[in-house]
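Now for the letters of each chain:
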Amino acid sequence: MAASSQVEQIETTCVSIGATYEGRDPALLERMLPLVDYIEVTPETIAEKNGSRISLSKDVMSELRNISHDVKFIVHGVGLSIGSHEGWSPTYFHLLDELLDQIEVAWHSEHLAYTKVDGEHLGIMLAMPKTEEALDMVCQRVIRMQDRYKLPFLLENVVHVIPDAPGAYTDAGFLNEMTRRTGCGLILDVYNLECDAHNHGFDIQGFLDELEMSNVRELHVARGVEDNGFLLDVHSQIAASSTVALAQKVVRESEGNAKVAVYEFMPEAVPGLGYDAITDQLHRLRAAFGN
Amino acid sequence: MDLATQQRKLLGLFRSTYEATAEDDPYIRRVARSRDLAEGKKNIALWRVWVFERTCALTVNLLRRRNLLNNLVKEFITAENISPFRETQAPAFLEWLEKSEDHLLASVASFELALMRVREGDQQTHIISWTVEPASILHCLAKDLPFGAEMRAGQYQTIVSSRIPGHFEILELMTATSRAESR
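Every chain is numbered independently, its residues counted from 1 as its sequence is written. As they are written, the chains are lettered A onward and the ligands numbered 1 onward, keeping that order. Reporting in this predicted model follows two pLDDT cut-offs: at least 70 for local features of residues, and 80 or more for side-chain atom pairs to be given and counted; totals over whole chains, interfaces and linings ignore these cut-offs and use all residues.

Trainee: So what's going on with the pairing of strand S10 (residues 185-189) of chain A? Which residues, and what values?
Mentor: Residues and elements named next belong to chain A. Between the buried cut of 20 or more and the exposed cut of 12 or fewer other C-beta atoms within 10 Å of a residue's own C-beta lies the partly exposed class, and all C-beta atoms are placed from the backbone. By the criteria applied, helices consist of DSSP H or I runs no shorter than four residues and strands consist of E runs no shorter than two, each listed in order from the N terminus. Most of S10 is tucked away, with five of its five residues classed as buried. By the alternation rule, side chains of S10 split into Gly185, Ile187 and Asp189 and Leu186 and Leu188, which are all buried. Here the rule is simple: two strands pair whenever DSSP picks up at least two bridges between them. Note that S10 and strand S11 (residues 216-221) share four bridges and pair parallel. Within S11, the residue paired with Asp189 across the bridge is His220.

Trainee: Explain the environment of Lys72 of chain A to me, and be specific about the residues and the numbers.
Mentor: Residue and element names in this part refer to chain A. Residue placement: Lys72 occurs in strand S5 (residues 72-76). C-alpha of Lys72 to C-alpha of Ala277: the two residues are 205 residues apart in sequence and 23 Å apart in space. Note on contacts: residues are paired as contacts if their backbone-placed C-beta atoms lie within 7 Å. Dropping the residues within four chain positions of it, Lys72 is found in contact with Asp37, Tyr38 and Ala106.

Trainee: Tell me about the confidence of the model for chain B, residues and numbers included.
Mentor: Per-residue confidence for chain B gives a mean pLDDT of 91; residues scoring 70 or more make up 95%. Two numbers describe this predicted complex: its pTM, 0.89, and its ipTM, 0.92. Per residue, pLDDT captures the predictor's confidence, and it can take any value from 0 to 100.

Trainee: If you had to explain the sheet that holds strand S1 (residues 126-132) of chain B to someone new, which residues and values would you point to?
Mentor: Residue and element names in this part refer to chain B. Judged by pairing direction, the sheet is antiparallel, and its three strands sit side by side in the order S1-S2-S3 without closing on themselves. Both outer strands of the open sheet, S1 and strand S3 (168-172), are each paired with one neighbouring strand and no more. Ignoring strand direction, the axes of neighbouring strands in this sheet form an average angle of 25 degrees. Bridge count between strand S2 (residues 153-160) and S3: five bridges; the pairing is antiparallel. Residue pairing across strands places Tyr156 opposite Glu172, the latter belonging to S3. In this analysis, axes come from line fits to C-alpha atoms, helices being fitted only over the stretch in contact, and the angle between any two N-to-C directions falls in the range 0 to 180 degrees. This element, helix H8 (residues 134-143), spans S1, S2 and S3 of the sheet and lies at about 95 degrees to S1.

Trainee: Report on the interface of chain A and chain B, specifying residues and quantitative values.
Mentor: Each partner contributes residues to the interface: chain A has 35 residues there, and chain B has 35 residues. When residues of the side of chain A that touches chain B are traced back to their parent elements, those giving at least two are strand S3 (47-50), strand S7 (113-117), strand S8 (120-127) and helix H4 (132-148) of chain A. Of the residues forming the side of chain A that touches chain B, the biggest block, six residues, is contributed by S8 of chain A. Classification used: nonpolar for Ala, Val, Leu, Ile, Met, Phe, Trp, Tyr, Cys and Pro, charged for Asp, Glu, Lys and Arg, polar for all others including Gly. Classifying every residue of the side of chain A that touches chain B by side-chain character gives 20 nonpolar, seven polar and eight charged.

Encoded structure:
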């Protein structure tokens, strides 16, 4: 099948569209605003260091407050490290508190992963082993998160950078049990699934067949580059048609619970992509998701 | 293998501070010899390079010209505990490069770091020493132009301060010869 023919019109389910915005690019924001319902904000990327204290950029927060009547916000962290054996990152909570004091958000989310071990940063997110020990620990932390913030909390599947460790659960089984125990929702990053399929022969269909799809609240759509035969989880490209088609499939199977598809890209990629390509992507997503 | 042990060993593999042995769990040995680990490390470096391209363009340009960028980023990743906060990564990289024995690299990194701090509101005055004339170097790096045939050697300083229009000025220090000639 030709890639361009993979994307179909969704007839029954309308999904809102979101996009990453990390501030400091008002011209891009102006182009995106008419095309998105949600702006995804990552506290760590709008943070600044003032002496020894890390806090949110006043300029970026002002930008966000100024558009709060035009768009809804969702928060998507990268630095919580919910899966670190020794504990999560307290700095993340300071930033999230600061952000929630200033803007209203629909829900917040993080990655089902760890980024640090004993205070040392990995520089990358690693997926959790699918063991009882890991599941118990993550579930306790999700519940603490839900107790602290009276907002829906979602966790995202991350790409498998390295082979999976032996565990008691499959990937989907782990997510099903986590959502069952905690009531948290899921973000499915469908590009991550494609990376796993390409790099490790991951069975996407088998995963989707096993996953409780009604727990999926949000989708992430992105594209990176291929290096040495590996698809890298870097958000530097316009999403492939296959990625959008996979997102559509998830939406169809989510029983109406998937609410938004977010196009993710790094600010570093903007000069190479250009504003036109980003807005074209958002137009195509709107068309693909029935907007 | 419990979670803590697994995470510590994987951290060591990623940071190249641990080598798997025959006594290790089969999973750790499998990861250690996998292509995935090498690709994961490259991925980490790639993310850092993208951040540095955006946040410290002058220094990155110089490193690219000298074909040092990838190796030095990898060295930096191994040597330093890099914060996930992107805005802290470039200052940390520049602070690390300031210690370089390569005078030009150290000067460019110091200059860019000082400029970054002043633009963020730092009220201090930063003085950076140069062993070559900096104006043409900085111009070529900023505009991505080739360096002239010869860098003009000499003793110079760049003064970086919020009180200076444009935030910096260049001073040529008098050499012993020029001092004698001026008498």
